[in-house]
Amino acid sequence: MKILIDGDGCPVLDITIKVAKKFNIEVLIMCDTSHNFDKYNVETIVLSKGRDSVDFSLVNKVNKGDIIVTQDYGLAAMALSKGGYPINQNGRVYTNENIDQLLFTRHISKKLRSSGARVKGPSKRKKEDNIRFEKYLQELCKELL
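Residues numbered from 1 in each chain as written. Predicted model: local features only at pLDDT ≥ 70, side-chain atom pairs only at ≥ 80, totals over all residues. Heavy atoms only, no water.

Draft legend 1. Spatial organisation of the packing of aromatic side chains. Under the counting rule described, the total for this entry stands at 1 aromatic pair. With a centroid separation of 5.9 Å and 75 degrees between ring planes, the pair formed by tyrosine 73 and tyrosine 94 is classed as edge-to-face. With tyrosine 73 in helix 3 (residues 73-81) and tyrosine 94 in the loop between strand 5 (85-87) and helix 4 (99-114), the pair connects residues that are 21 residues apart, well separated along the chain. Look at tyrosine 73 and you get partly exposed, because its relative accessible area is 24%. Classification of tyrosine 94 as buried rests on a relative accessible area of 2%. (Phe/Tyr/Trp six-rings, centres within 6.5 Å; stacked < 30°, edge-to-face > 60°. Helix = DSSP H or I, 4+ residues; strand = E, 2+ residues; numbered from the N terminus. Buried < 20%, exposed > 50% of the residue type's maximum accessible area, 1.4 Å probe, protein only.)

Printed below as a string of structure tokens:
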């Protein structure tokens, strides 16, 4: 088992690495060239910029039982199909039971935006978001080990 991180815009890198070390789980960060991560003892793969280049490369590295940290519903869906356990930066674990609704909501929001409607974005991160993420990531690691 390993933890793969969609590093593009991920606010919980340090927390993820801390939890992974606690459970002795390998971590792999994947990002594009607009990000530069230099984390001790963590492999980072930097890919060229391009629509979904990180997502497709990351999902190709997913094995059954891996944890994937991402806020991208499409990547989460692909990871689920490979037997992975995707979790977002707020601690929501994506499942086969909730991913269809999340993808549908994303689709509707995109249609609204393209028609000129304004769709409210995510609220600013709070300390509680990091605490919740760490709690749920630890629970997921315990469950899978």
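Draft legend 2. Molecular detail of the pairing of strand 1 (residues 2-6). Of all 5 residues in strand 1, 5 are buried; the element is thus mostly enclosed. In this structure, strand 1 lies alongside strand 2 (residues 26-32), joined through 5 bridges in parallel fashion. Paired with isoleucine 3 across the bridge in strand 2 is valine 27. Running through helix 1 (residues 13-22), the crossover from strand 1 to the neighbouring parallel element strand 2 is right-handed. (Pairing = 2+ DSSP bridges. Right-handed = clockwise from strand over helix to strand, strands pointing away.)

Draft legend 3. Here's a closer look at the layout of surface pockets. When its volume is computed, the largest pocket comes out at roughly 650 Å³. If you trace the largest pocket, you find 21 residues lining it, with Gln71, Tyr73, Gln89, Gly121 and Pro122 closest to the centre. Elements that contribute at least two residues to the lining of the largest pocket include exactly helix 4 and helix 5 (127-144). Looking at which element gives the most residues to the lining of the largest pocket, the answer is helix 4, with 4 residues. (1 Å grid on protein atoms, 1.4 Å probe; cavity = no way out; pocket = protein on both sides within 12 Å on 5 of 7 lines; lining within 4 Å. Points joined across faces, edges and corners; volume = space filled by probe spheres on them.)

Draft legend 4. Just helix 1, in detail. Those residues of helix 1 lying buried are Leu13, Ile15, Thr16, Ile17, Val19 and Ala20. Buried residues along helix 1 sit against strand 1, strand 2, strand 4 (67-69) and helix 5. Two residues or fewer past helix 1, asparagine 24 is found with a positive phi of approximately 55 degrees. (Contact = heavy atoms within 4.5 Å.)

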